[in-house]
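Structural description and commentary
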Amino acid sequence: MNRDKLKPMLFSNLKTYNGKKLVTDVVAGIIVAIIALPLSIALALASGVSPEQGIYTAIIAGFLISFLGGSRVQIAGPTAAFATIVAGIVATKGMGGLAIATIMAGIILIIMGFLRLGSLIKFIPYTITTGFTAGIAVTIVIGQVKDFLGLTYTAGTKTIETMEKMEAIGNHIHTINWQAVLVGVVCLAVLIVWPYITDKIPGSLIAVLVGIAMVKLLNMNVSTIGNLYNISNELPKFQMPDFSFETIKEMLPDAFTIAILAAIESLLSCVVADGMINSHHRSNMELIAQGVGNIGSAFFGGIPATGAIARTAANIKNGGRTPIAGITHSLVLVLVLVLLMPYAAMIPMPTIAAILFMVAYNMCQWRTFVHLCKTAPKSDILVLVVTFFLTVLFDLVVAIEVGMLMAVVLFMKRMSDESTVSGWKYYDPDEDPDGPELKVLPKHVLVYEISGPMFFGDADRLASIKFKETTRVIIMRMRGVPALDATAMHAMDQLYSRCAEKGIRLVFSHVNEQPRHTMEKAGFITKVGEDNFCPHIDDALAWSEKLVAEAKKKAMAEAREQAGK
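To keep things clear, this report deals only with the structure shown in the data block.

The rules behind these values
- Residues numbered from 1 in each chain as written.
- Predicted model: local features only at pLDDT ≥ 70, side-chain atom pairs only at ≥ 80, totals over all residues.
- Heavy atoms only, no water.
- Helix = DSSP H or I, 4+ residues; strand = E, 2+ residues; numbered from the N terminus.
- Buried < 20%, exposed > 50% of the residue type's maximum accessible area, 1.4 Å probe, protein only.
- Phe/Tyr/Trp six-rings, centres within 6.5 Å; stacked < 30°, edge-to-face > 60°.
- Lys NZ or Arg CZ within 6 Å of the ring centre and 35° of its normal.
- Pairing = 2+ DSSP bridges.
- Axes fitted to C-alpha atoms, helices over the stretch in contact; angles between N-to-C directions.
- Parallel < 35°, antiparallel > 145°, perpendicular 65-115°, else oblique.
- Left-handed = near helix turned anticlockwise from the far one by under 90°.
- Contact = heavy atoms within 4.5 Å.
- Nonpolar A, V, L, I, M, F, W, Y, C, P; charged D, E, K, R; others polar.
- Arc of directions from axis to C-beta.
- 1 Å grid on protein atoms, 1.4 Å probe; cavity = no way out; pocket = protein on both sides within 12 Å on 5 of 7 lines; lining within 4 Å.
- Points joined across faces, edges and corners; volume = space filled by probe spheres on them.
- Patch = residues over 30% accessible without salt bridge, like charges linked within 9 Å, V, L, I, M, F, W, Y side chains within 5 Å.
- Areas by Shrake-Rupley, 256 points an atom, 1.4 Å probe, with all protein chains shown as cover.
- Salt bridge = Lys/Arg side-chain N within 4 Å of Asp/Glu carboxyl O.
- Core = buried A, V, L, I, M, F, W, Y, C linked by side-chain atoms within 4.5 Å.
- Polar contact = N/O pair within 3.5 Å; in protein donor to acceptor, adjacent residues only side chain to side chain.

Even without being glycine, Asn278 reaches a positive phi, approximately 55°. Relative to the assigned elements, Asn278 resides in the loop between helix H10 (245-277) and helix H11 (283-299). Under the relative-accessibility criterion, Asn278 is labelled exposed at 72%. With phi around 55°, His510 is a residue other than glycine that occupies positive phi space. Counting through the fold element by element, His510 comes out in the loop between strand E6 (505-509) and helix H20 (513-521). With a relative accessible area of 35%, His510 lands in the partly exposed category.

Before going further, it helps to examine the packing of aromatic side chains. Per the counting criterion, the structure on display carries ten aromatic pairs. Consider the rings of Phe238 and Phe300, whose centres lie 5.8 Å apart with planes at 75°: the pair is edge-to-face. Of this pair, Phe238 sits in the loop between helix H9 (225-228) and H10 while Phe300 is found in the loop between H11 and strand E2 (306-307), placing the two residues 62 residues apart along the sequence. In this structure Phe300 comes out as partly exposed when scored by relative accessible area, which is 28%. Pairing Phe388 with Phe389 gives two aromatic rings, centres 5.1 Å apart and planes at 75°, and the pair type is edge-to-face. Residue classification places Phe388 among the buried positions, given a relative accessible area of 16%. An aromatic cluster is present here, built from Tyr496, Phe508, Phe524 and Phe533 joined pairwise through their rings. Directly above the ring of Tyr153 sits Lys146, whose terminal nitrogen or CZ lies 5.3 Å from the centroid.

Another aspect to go through is the pairing of strand E5 (residues 473-480). Most of E5 is tucked away, with six of its eight residues classed as buried. Bridge analysis of strand E4 (residues 445-451) against E5 gives six bridges, and the strand direction is parallel. Within the sheet, the bridge partner assigned to Val447 lies in E5 and is Ile475. As paired strands, E5 and E6 are joined by five bridges and run parallel to one another. Of the residues in E6, the one forming a bridge with Arg477 is Ser509.

A separate point is the packing of helix H5 (residues 126-149) against helix H16 (residues 378-393). Their axes nearest at 7 Å, the elements H5 and H16 cross at an angle of 30°. Between H5 and H16, the angle is such that the two are roughly parallel. Crossing geometry of H5 relative to H16 is assigned as right-handed. When H5 is examined against H16, the residues Thr127, Ile128, Thr130, Gly131, Phe132, Ala134, Gly135, Ile136, Val138 and Thr139 are found in contact with a partner set consisting of Asp380, Val383, Leu384, Thr387, Phe388, Thr391 and Val392. Split into classes, the residues belonging to the contact of H5 with H16 amount to nine nonpolar, seven polar and one charged.

Across the sheet, five strands lie side by side as E3-E4-E5-E6-E7; this open sheet has mixed pairing. At either end of the open sheet lies a strand with only one pairing partner, and these are strand E3 (420-423) and strand E7 (533-534). As defined by bridge partners, E3 adjoins E4 across four bridges and the pair is classed as antiparallel. Looking at E4, one finds that Thr420 is bridged to Ser451.

When we look at burial in helix H6 (residues 162-172), the residues that qualify are Thr162, Lys165, Ala168, Ile169 and His172. Seen end-on, H6 carries its buried residues on one side only, within an arc spanning 120°. Looking at the packing, one finds that the buried side of H6 touches H5 and H16.

In this section: the layout of surface pockets. When its volume is computed, the second largest pocket comes out at roughly 990 Å³. Along the wall of the second largest pocket there are 40 residues; nearest its centre are Ala46, Ala87, Thr159, Ile160 and Lys165. Those elements that provide at least two residues to the lining of the second largest pocket are helix H2 (19-46), helix H4 (80-114), H5, H6, H10, helix H14 (349-364) and helix H17 (396-418). Examining the composition of the lining of the second largest pocket, we find that ten residues originate from one element, H4, more than from any other. Across the lining of the second largest pocket, the residue classes break down as 20 nonpolar, 13 polar and seven charged.

Moving on, we get to the packing of H2 against helix H3 (residues 51-68). One way to put it is that H2 packs onto H3 with a least axis distance of 7 Å and a crossing angle of 120°. One way to sum up the angle between H2 and H3 is to call them oblique. Considering only the axes of H2 and H3, their crossing is right-handed. Residues Leu37, Ser40, Ile41, Ala44 and Leu45 of H2 lie in contact with H3, whose contacting residues are Pro51, Gly54, Ile55 and Ala58. A per-class count over the contact of H2 with H3 returns seven nonpolar, two polar and no charged.

Okay, a nonpolar patch on the surface next. Residues Leu235, Leu335, Val338, Leu339, Leu340 and Tyr343 make up a contiguous nonpolar surface patch of roughly 600 Å² in combined accessible area. Locating Leu340 in the fold gives a position in helix H13 (residues 323-340). What makes Leu340 partly exposed here is its relative accessible area of 46%.

Here we take up H20. Regarding H20, the residues found buried are Pro515, Thr518 and Met519. When H20 is viewed along its axis, its buried side chains cluster within an angular range of 100° and face the same direction. For H20, exposure combined with an orientation more than 90 degrees from the buried face picks out Glu513 and Lys521. The inward-facing, buried residues of H20 contact E5, helix H19 (486-501), E6, helix H21 (524-528) and E7. Positive phi appears at Gly523, one or two residues downstream of H20, with a value of about 75°.

Grouped together as the largest cluster of nonpolar side chains are 102 residues, with contacts concentrated most on Ile41, Phe132, Ile347 and Ile352. Counting residues per element, this core draws most heavily on H4, which supplies 16 residues. Setting aside residues no more than four positions away along its own chain, Phe132 makes contact with Leu261, Ile264, Thr387, Thr391, Leu396 and Ile400. Within the second largest apolar cluster, 27 residues are counted, among which are Met476, Val481, Leu506 and Phe524.

Before going further, it helps to examine the side chain of Gln74. By secondary structure assignment, the location of Gln74 is in the loop between H3 and strand E1 (76-77). We classify Gln74 as buried; its relative accessible area is 4%. Polar contacts involving the side chain of Gln74 include one to the side chain of Ser269, which spans 2.6 Å.

Here it is, written out as structure tokens:
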């Protein structure tokens, strides 16, 4: 099977589909929809939008991504990774700005898919994804402290940035509502303990029922979703955002952030799912589906969506094996929206906070974070920690930009440290008869051995090559050079010019495919001469000996000519 072909996995699966698979897919889809209901509401609230918009996202994006996706079992919808980004955009640019950013992100994802860029996601270092994921988890926890403690903020309190939220918590901690804390703690305990009792019914649903029961039966003074939001059970309607050149230009950075994060999250989810079902996803088709899903979500009042690892894993564990399960999950949510959404007004806000605390804990990968800090190289630890703190203190855009820049620079530093240009030393066997058996060097010949990739970080090493007045040939042994970039090629060209001025011939031994191709394109092989490129060091030494002999003959002939004059 061609993993890269742009064909939805659904169409491939339908060729061998039967009634038994339909039953297991439908059952899995129903269970995942039950799991997705409280999560979609909670993530919508964490994103600063109304509860039903989380359901809209799971319905529209979930359906489109399952229908067109490159994974058999991917379940898509709102995820915690987007919560802080979306909340920031909504707070500063409104829903109109978010819709435009999401649509542009969808277009970027589709272009990435058609350009076959699905495999490029692997070049984002694991330390960066771990760092910003842990950072997002911390920002979610900080954002939910207010509702968990039942704090009351004074009018005009700014709570957009994470630091502003922490300051607001400190300034209003005296307004703590102990009844809200009780509800939050009980619901959190349910979420922690329930999986040990059974995994047939999602703990988040039980926590919601327990929270509602506590507030209603004990007549507790605790805010509910209905106190803060107007709940609607209407089906999503098409909404055309107000496009303008200025808005598009303003939202472009956010669009790229959403697109990159959606690509990373969805493809990571696909990789996890592949391991669970022993299958292979089509990464480029998945990117196109993610793009279409996000565009659809934005046009119908939803928020950014991506593959959800927890819901995808639940789908697999409950028997889902084809995209029909994901489609069923979306259709069931339509019924839930119409029939049960009004009851969502009864859900206490501390219950929502408790659910998001568990989401943050499950996504933070703290064990992985600690393990990396103990075992990874210092440069990787630096990238991990900086990305984490920048995500918490500033935002994901800054964290990814700085993290990638640091990772690239530190990687180049490591590669540069591995690259060497060393000259062969002359060895006198009479001084140490038990010494190693070395190559015999013709007189007036120097050999320099290059190891490691030669790129702009190593170009200065070629400038450090020295030669004597008696030197007639320099052999560059390049068997250990897998790659050569334009800057290193320029430095090589400058070395050739220095040698030509002194009448020194450059000879190359064992030039690998990529460096040779770069030299050919630059016209360097033609300039140096094809004869001066030898397949083996022994050939290069023999050729150098011949060149030295020719140089001596030429020098003697010139001397005789001068004497005759």
